[in-house]
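Topology and contacts: notes
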Amino acid sequence: MSKQPAFPGLRNAMKKKVTRREQFLAEMDAVVPWSRLLALIAPHYPKVGPKGGRPPMPLETMLRVYFLQNWYALSDPMAEETLYDSEAMRRFAGIELGDDRIPDETTILNFRHLLERHGLTEAIFVDVNAHLADKGITLRSGTLVDATIIDAPSSTKNKAKARDPEMSSTKKGNDWYFGMKAHIGVDAESGVTHSLDTSTAKVHDSQVWDERLHGDETSVWADKGYVSAEREAAFTGPDKVWGVMRKASKGSDLHPVDAQINRIIAMVRAKVEHPFRVIKRQFGHVKTRYRGLAKNRAQLFTLFALGNLFVVRRSLMA
């Protein structure tokens, strides 16, 4: 004898175990500044015209679906399918199966394009950081600078029969990588990413420096790729710390004192890896999703904004 199907809301109320996905979504729901982000996007979001017509999906629903895409590395078609499959995601998006429309992949794509077209993902990044500052999570005295490679598909088995022309190759150690780079400046105390830029992979890390600093640092921390006598001389002053790792002269070994200094610097700058870990491991963003730098750059601003909220969520919820 077949069982009587339960109503989704009743089934959820009877469930005893809270899954990791539900816990994660509950935490992020609590820390995302929904009202200010919705106010940021609302002027650009389509409205019902004077002649009527089909009303657009609610803005908050679309923003929530967009964030789900970024948290779970979902393509537009997969985002639509996952909303049908996952009760936790529907509940987060405010969708009741059978009562509300679930946005299809075209609607999801159009919303993403709207954000890209109006530069709203960068604005989201800025607004999230402003929200954190309002909550007392402000920039302190030190900045950690680093960059990471985001791999891009190198296959030519696509419609254009070519690799993405805006991506490039670079060598790291003995390995070659094809893709782009994300360059960040991170607050040394809170771990919040306060600045972000992107480039093709072949651009050397040290070429993107000044834009990563907020200007009020008393200390900067970075790896050997950022060594610069000119920058070090410009940063020297009372109570200032140049925390860029020491590099041995060509053909000689690193002095033991410099080796000890490098160990100290490495302990401080380890925190710069946390935002990258969140983006790549927690959110699963290990490869570029789109062709071209512009779309991938736009997504990275969203990812790092959400990453900042994730990094400090415990403090925000305390």
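Below is a short write-up of the structure. The structure presented is a predicted model; accordingly, all values stated were derived computationally and were not measured.

1. Quick word on unusual backbone geometry
- Not every positive phi belongs to a glycine, and A73 is a case in point at roughly 50°.
- The topology assignment puts A73 in the loop between α4 (59-71) and α5 (76-85).
- Positive phi, normally seen in glycine, also occurs at D239, with a value near 60°.
- Taking the relative accessible area as the measure of exposure, D239 reaches 73% and is therefore exposed.

2. Here's the deal with the pattern of salt bridges
- Throughout the structure, instances matching the rule amount to 16 salt bridges.
- For the salt bridge of E27 with R313, the shortest nitrogen-to-oxygen distance reads 2.8 Å. In this pair, E27 is assigned in helix α2 (residues 20-31) and R313 in helix α13 (residues 313-317), connecting sequence segments 286 residues apart. Each member of the pair E27 and R313 is classed as buried.
- Here the residues in one salt-bridge network are E22, E87, R90 and R91, joined through shared partners.

3. Remarks on empty space enclosed by the protein
- Under the defined criterion, the tally for this structure stands at one cavity of 30 Å³ or more.
- Volume-wise, the largest cavity comes out at about 90 Å³.
- Elements that contribute at least two residues to the lining of the largest cavity include exactly α4, α7 (105-117) and α12 (293-311).
- Of the residues belonging to the lining of the largest cavity, the class tally is five nonpolar, four polar and three charged.

4. Describing the packing of aromatic side chains
- For the coordinates displayed, the defined rule picks out 16 aromatic pairs.
- Between W209 and Y226, the ring centres sit 5.6 Å apart and the planes meet at 45°, which makes this aromatic pair tilted. Taken together, the residues W209 in the loop between β4 (193-200) and β5 (219-222) and Y226 in the loop between β5 and α9 (229-235) connect sequence positions 17 residues apart. Side by side, W209 and Y226 carry an identical accessibility label, which is buried.
- Aromatic pair F235 and W242: ring centres 6.0 Å apart, planes at 50°, arrangement tilted. For the pair formed by F235 and W242, the shared burial category is buried.
- The residue whose ring lies beneath R64 is W34, and the NZ or CZ to ring-centre distance is 4.0 Å.
- If you follow R64 out to its NZ or CZ, it ends over the ring of F92, 4.9 Å from the centre.

Reading guide: rules and limits
Residues numbered from 1 in each chain as written. Predicted model: local features only at pLDDT ≥ 70, side-chain atom pairs only at ≥ 80, totals over all residues. Heavy atoms only, no water. Helix = DSSP H or I, 4+ residues; strand = E, 2+ residues; numbered from the N terminus. Buried < 20%, exposed > 50% of the residue type's maximum accessible area, 1.4 Å probe, protein only. Salt bridge = Lys/Arg side-chain N within 4 Å of Asp/Glu carboxyl O. 1 Å grid on protein atoms, 1.4 Å probe; cavity = no way out; pocket = protein on both sides within 12 Å on 5 of 7 lines; lining within 4 Å. Points joined across faces, edges and corners; volume = space filled by probe spheres on them. Nonpolar A, V, L, I, M, F, W, Y, C, P; charged D, E, K, R; others polar. Phe/Tyr/Trp six-rings, centres within 6.5 Å; stacked < 30°, edge-to-face > 60°. Lys NZ or Arg CZ within 6 Å of the ring centre and 35° of its normal.

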